[in-house]
Amino acid sequence: MAQSISIVLVLALALLAFAPLCFCGKTNGGYLYPQFYDRSCPKAQEIVNSIVAKAVAKEARMAASLLRLHFHDCFVKGCDASILLDSSGSIITEKRSNPNRNSARGFEVIDEIKSALEKECPQTVSCADIMALAARDSTVIAGGPSWEVPLGRRDSRGASLSGSNNNIPAPNNTFQTILTKFKLQGLNVVDLVALSGSHTIGNARCTSFRQRLYNQSGNGKPDFSLQQSFAAQLRNRCPRSGGDQNLFFLDFVSPTKFDNSYFKNILASKGLLSSDQVLLTKNEASMELVKKYAENNELFFVQFAKSMVKMGNISPLTGYRGEIRKSCRKINA
Ligand code: HEM
Ligand SMILES: *[C@@H]1O[C@H](CO)[C@@H](O)[C@H](O)[C@H]1NC(C)=O
Ligand SMILES: *[C@@H]1O[C@H](CO)[C@@H](O)[C@H](O)[C@H]1NC(C)=O
């Protein structure tokens, strides 16, 4: 008896001892660290920041567009700059996917950063890291929280159009579908709600939410979780047909300021996208988080920073995997 107990004990201890070795899942972002370019390209972060600052000064929306690029990159084969590749040879560009077509933008700013970095330190800083840094800088410039960006990602030698279509949530997906898509990336409901707070800046096209205004469930009725006079305003510039590309602020209260008004809007039934409003109406845990962040900006900021680091750690290519592209738009010859 005593002997079998001690065997169980030894086994349990052995398991505990080896447990740290077993965080060997697909989110192996532990290889990334903020000091990665400190020796090889000490000015890297400064260069990224100055070009992002210049671009956002020229057009405030660019902060939102750069933040979103990193998200749309990370959800497809990990944060590997696959979204930046143009079509050529066997590569079909992700820029053509449903979530990206006529919508993803900021590619010229990434190009400008890349050329500046190639001059300063050739083939050293990856396009994937540029996007992670640009997302952080954009957030800070728009008034949001800051964080240290773990670095050392390398760039993919391929793209995935189907991955882009399937993995990135659509604005009319159900809450469950959206949460499932986040979980497939190793993110949870807290990450989902905090990261959706990105919609405190930037724009959406009429086509991304028209369904809510006219025919939410295929029964010819609007989405009743949308405040009525707000819906009427939206219908003005988002008619039943036409005007697909007309732009609307995701956060009409402070469209270029990174703050928690996005969550306050949701509480007032004025979330622009269905995917915004369902965070309040379809799940208890998510509802509590929306209320918490609406009430406490600091709590939102702290969690946003944490969740951005987590998202940035999705399946990076490290070591000898992938490459450092010379041009973000094409793989090296
Ligand atoms: C939770 C699921 C999400 C859905 C369904 C979703 C969907 C959308 C849609 C439909 C748009 C407007 C696109 C257009 O009409 O052109 C948009 C814009 C945007 N999204 Fe999301 N999104 C989600 C999560 C996120 C996350 C996690 C981030 C960042 C971490 C993010 C950042 C942004 C930003 C900043 C914009 C504005 C971009 C601009 O103005 O150029 N979104 N999103
Ligand atoms: C969501 O929107 C897409 C694109 O507009 C449409 O094809 C699809 O039928 C919609 N899905 C649902 C469940 O309404
Ligand atoms: C609403 O959508 C359903 C299914 O997508 C369609 O059959 C119906 O004709 C639409 N109704 C209106 C009034 O647009």
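Looking at an unreviewed UniProt entry, the protein chain carries the name Peroxidase, with the source organism given as Populus euphratica. Under Function (unreviewed entry), UniProt gives the following word-for-word description of the protein chain: "Removal of H(2)O(2), oxidation of toxic reductants, biosynthesis and degradation of lignin, suberization, auxin catabolism, response to environmental stresses such as wounding, pathogen attack and oxidative stress. These functions might be dependent on each isozyme/isoform in each plant tissue." Check the Catalytic activity (unreviewed entry) section of the UniProt entry for the protein chain; it says "2 a phenolic donor + H2O2 = 2 a phenolic radical donor + 2 H2O".

> Lay out the domain arrangement of the protein chain with the relevant residues and their values.
The domains assigned to the protein chain are domain 1 (27–168) and domain 2 (175–310). With 25 residues of domain 1 in contact, the opposing surface of domain 2 contributes 19 residues. Interface of domain 1 and domain 2: buried area, both sides summed, is about 1800 Å²; carbon and sulfur atoms make up 67% of it. For the domain 1 face of the interface with domain 2, the top three residues by lost area are Arg61, Phe75 and Trp147, together amounting to 28%. Taken together, domain 1 and domain 2 are joined by zero salt bridges. Across the contact surface, domain 1 and domain 2 share three residue pairs in polar contact (both at pLDDT 80 or more). Looking at the side of domain 1 that touches domain 2, the elements that each hand over two or more residues are helix 3 (62–74), helix 5 (127–141) and helix 6 (161–167). The leading source of residues in the side of domain 1 that touches domain 2 is helix 3, at six residues. Across the side of domain 1 that touches domain 2, the residue classes break down as 13 nonpolar, nine polar and three charged.

Parameters at a glance
Residues numbered from 1 in each chain as written. Chains lettered and ligands numbered in written order. Predicted model: local features only at pLDDT ≥ 70, side-chain atom pairs only at ≥ 80, totals over all residues. Heavy atoms only, no water. UniProt positions renumbered as here; feature names shortened; annotations may be inferred. Domains from an automatic or database assignment. Contact = heavy atoms within 4.5 Å. Buried area = accessible area lost by both parts, 1.4 Å probe. Salt bridge = Lys/Arg side-chain N within 4 Å of Asp/Glu carboxyl O. Polar contact = N/O pair within 3.5 Å; in protein donor to acceptor, adjacent residues only side chain to side chain. Helix = DSSP H or I, 4+ residues; strand = E, 2+ residues; numbered from the N terminus. Nonpolar A, V, L, I, M, F, W, Y, C, P; charged D, E, K, R; others polar.

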